[in-house]
Amino acid sequence: MSRNVLVLAEVRDGGLRNVSLECLAAARRVAEGGTITAAVFGSKAKEFADTLAHHGADKVVVATDEKLDQYTTDAYFQAFKQVIDKVHPDVILTGHTAIGRDVSPRIAARMGWGLISDCTDVQPADGRIIFTRPIYAGKAFVKKAVKEGTVFATIRPNNIPAGEADTSRSAQVEELDVAISADSLRTIVKEVVRKTAGGVDLTEARIIVSGGRGVKSAEGFKVLQELADVLGGAVGASRGACDAGYCDYSLQIGQTGKVVTPDLYIACGISGAIQHLAGMSNSKVIVAINKDPEANIFNVADYGIVGDLFEVVPMLTEEFKKVLA
Ligand code: FAD
């Protein structure tokens, strides 16, 4: 059963977000011979057509209106809706990102379609598409399918591998004049001031070194940053650390923070409260460093180190420096 699939490709800091390539990988699984179209917005959108083709797009629809250079709800809603009206997809996939979480339900509600959000797996089965998503704050997974009509889903970063680029592929590129009137925009972005986790986006980071109240100070977080830098990862935090003022809330992982699924999560001085586990327990490998052998974090850890993080983390940093040099 072939399906036409539309993927919203996101551009950030001048590059395509990895989750958009992961959405294309998901699209390849479910298209089953149908056409995969990628939509990409902003004045530089055409630059990304080749990469999108290499990762599976058969067609790339670009909208180069400069009002799409920065995300605003109104501009993206109008542009994406126009692409959908043109492409008539059977399946629409976006990343489960700030943009995907804003624009997808807005369009789905307007069209009267359902939306399956935060999917960690997508597979075709018996003429349907089975979407897997976490429930109960990540404690269990549910499989869902849409009975009929257009299927809309957001894909959680770092769960469906993007796959290798096939540079022999090319796509038909079409420019869409989306005609966004300035009057229709209720917000104008004048400047973006980004609070980063050492330059690596937490939700897409493959390796996260995370600190809790046990880190004891903002100064203490520098020890974690050094390890993250050596590993090419990002620094995250528990709410305990954020509440204590050791780091910015943009680093908070958990039920009321970011949900992450890195390959490696190193939890330092974090007790493992249920609200923290909700944001990281699906990480592929969890290493916990805590001086309390009874700490709950050890119940979800693949590897546990009972010890003082200020001794253990610098040792790890030195050893990784030797291995990775
Ligand atoms: P603590 O529980 O104080 O743990 C500190 C740990 O550090 C201890 O286990 C201690 O043994 C260890 N330690 C101390 N010194 C060292 C050392 N030198 N070396 C090694 N280990 C050491 N929390 C989140 O994280 N994310 C959320 O999104 C979140 N949302 C919440 C939402 C709600 C509605 C509520 C009620 C709470 C939420 N919380 C959240 C808070 C959560 O319940 C915990 O209070 C919080 O996660 C505790 O942070 P912590 O583990 O850093 O601190």
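Residues numbered from 1 in each chain as written. Predicted model: local features only at pLDDT ≥ 70, side-chain atom pairs only at ≥ 80, totals over all residues. Heavy atoms only, no water.

By the naming in an unreviewed UniProt entry, the protein goes by Electron transfer flavoprotein alpha subunit apoprotein and is assigned to Planifilum fulgidum. Recorded in UniProt for the protein, the comment headed Sequence similarities (unreviewed entry) runs: "Belongs to the ETF alpha-subunit/FixB family." (UniProt positions renumbered as here; feature names shortened; annotations may be inferred.)

Caption draft 1: Here's a closer look at the sheet that holds strand β15 (residues 264–268). Pairing in this open sheet of 5 strands is parallel, and the strands run β14-β13-β15-β16-β17 from one edge to the other. Unpaired on one side and paired on the other, β14 (234–237) and β17 (303–306) mark the two borders of the sheet. Each strand of the sheet is rotated relative to its neighbour by a mean of 20 degrees, with strand direction disregarded. Relative to β15, strand β13 (residues 207–211) runs parallel, the two sharing 5 bridges. Each residue of the ladder has a partner; that of Val-209, found in β15, is Ile-266. The strands touched by helix α5 (residues 218–231) within the sheet are β13, β14 and β15, with β13 carrying the most contacts at an inclination of about 175 degrees. Across the sheet, helix α8 (residues 309–324) is in contact with β15, β16 (285–290) and β17; its angle to β16 comes to roughly 135 degrees. (Pairing = 2+ DSSP bridges. Helix = DSSP H or I, 4+ residues; strand = E, 2+ residues; numbered from the N terminus. Axes fitted to C-alpha atoms, helices over the stretch in contact; angles between N-to-C directions. Contact = heavy atoms within 4.5 Å.)

Caption draft 2: Seen up close, the pattern of salt bridges. Evaluation of the coordinates by the stated rule reveals 19 salt bridges. One salt bridge connects Lys-322 with Glu-319, and the closest N-O pair in it is separated by 3.0 Å. With a gap of 3 residues between them, Lys-322 and Glu-319 both fall in helix α8, about one helical turn apart. Looking at Lys-322, the relative accessible area reads 57%, which means it is exposed. Accessibility expressed as a relative area gives 45% for Glu-319, which makes it partly exposed. (Salt bridge = Lys/Arg side-chain N within 4 Å of Asp/Glu carboxyl O. Buried < 20%, exposed > 50% of the residue type's maximum accessible area, 1.4 Å probe, protein only.)

Caption draft 3: Region of interest: the site of the ligand. Around the ligand lies a shell of 26 residues, among which Arg-213, Ser-238, Thr-256, Ser-271 and Asn-290 are the nearest. The separation between an oxygen atom of the ligand and a polar main-chain atom of Gly-257 is 3.4 Å. Taking Lys-291, its main chain carries an N or O atom lying 3.2 Å from a nitrogen atom of the ligand. Taken by itself the ligand offers 990 Å² of open surface, and the protein chains cover 76% of this. Counting residues per element, the ones that place at least two in the shell around the ligand are α6 (239–243), α7 (274–280) and α8. (Near = heavy atom within 4 Å. Polar contact = N/O pair within 3.5 Å; in protein donor to acceptor, adjacent residues only side chain to side chain. Areas by Shrake-Rupley, 256 points an atom, 1.4 Å probe, with all protein chains shown as cover.)

Caption draft 4: Seen up close, the nonpolar core. Within the largest apolar cluster, 34 residues are counted, with the highest numbers of intra-cluster contacts made by Val-40, Leu-52, Leu-93, Val-122 and Phe-131. Looking at this core, the element that brings in the most residues is helix α1 (residues 18–31), giving 8 residues. One finds Ala-39, Tyr-76, Phe-152 and Val-178 within the second-largest nonpolar core, a separate group that totals 25 residues. (Core = buried A, V, L, I, M, F, W, Y, C linked by side-chain atoms within 4.5 Å.)

Caption draft 5: Seen up close, the UniProt feature "domain: Electron transfer flavoprotein alpha/beta-subunit N-terminal" (unreviewed entry) in the protein. According to UniProt, the "domain: Electron transfer flavoprotein alpha/beta-subunit N-terminal" (unreviewed entry) feature falls on residues 5–192. Counting secondary structure, residues 5–192 comes out at 26% helix and 30% strand; the distance between its end C-alpha atoms is 32 Å.

Caption draft 6: Quick look at the packing of aromatic side chains. Tallied over the entire structure, the rule returns 4 aromatic pairs. Each ring, one from Trp-113 and one from Phe-152, has its centre 6.4 Å from the other, and the planes form 55 degrees; the classification is tilted. Of the two residues, Trp-113 is situated in the loop between α4 (98–111) and β7 (116–119) and Phe-152 in strand β11 (residues 151–155); the sequence distance between them amounts to 39 residues. Under the relative-accessibility criterion, Trp-113 is labelled partly exposed at 22%. For Phe-152, a relative accessible area of 0% translates into the label buried. Ring pairing ties together the aromatic residues Phe-41, Tyr-71, Tyr-76 and Phe-80, which thus form one cluster. (Phe/Tyr/Trp six-rings, centres within 6.5 Å; stacked < 30°, edge-to-face > 60°.)

Caption draft 7: Examining the pairing of strand β9 (residues 128–135) more closely. Summarising the sheet, strand β8 (residues 121–125) and β9 pair through 5 bridges and their orientation is antiparallel. Within β9, the position partnered with Val-122 by the bridge is Phe-131. Connecting β8 to the antiparallel partner β9 that follows it, the hairpin turn spans 2 residues, and Asp-126 within it adopts a positive phi of roughly 50 degrees.

Caption draft 8: Molecular detail of the packing of α5 against α8. Put simply, α5 and α8 touch, their axes get as near as 9 Å, and they point 20 degrees apart. Relative to α8, α5 is oriented roughly parallel. Here α5 and α8 pass one another in a crossing that is left-handed. On α8, the residues touching Gly-220, Val-223, Leu-224, Glu-226, Leu-227, Val-230 and Leu-231 of α5 are Leu-309, Phe-310, Val-313, Pro-314, Leu-316, Thr-317, Phe-320, Lys-321 and Leu-324. Residues belonging to the contact of α5 with α8 are distributed by class as follows: 12 nonpolar, 2 polar and 2 charged. (Parallel < 35°, antiparallel > 145°, perpendicular 65-115°, else oblique. Left-handed = near helix turned anticlockwise from the far one by under 90°. Nonpolar A, V, L, I, M, F, W, Y, C, P; charged D, E, K, R; others polar.)

Caption draft 9: Examining the side chain of Arg-156 more closely. Looking at where Arg-156 falls in the secondary structure, it is placed in the loop between β11 and β12 (172–175). Polar side-chain contacts of Arg-156 include one of 2.8 Å to the side chain of Asp-118. In this view, Arg-156 contacts Glu-22, His-96, Asp-118, Cys-119, Thr-120, Pro-134, Val-259, Thr-261 and Asn-282; residues no more than four positions away in its chain are not counted.

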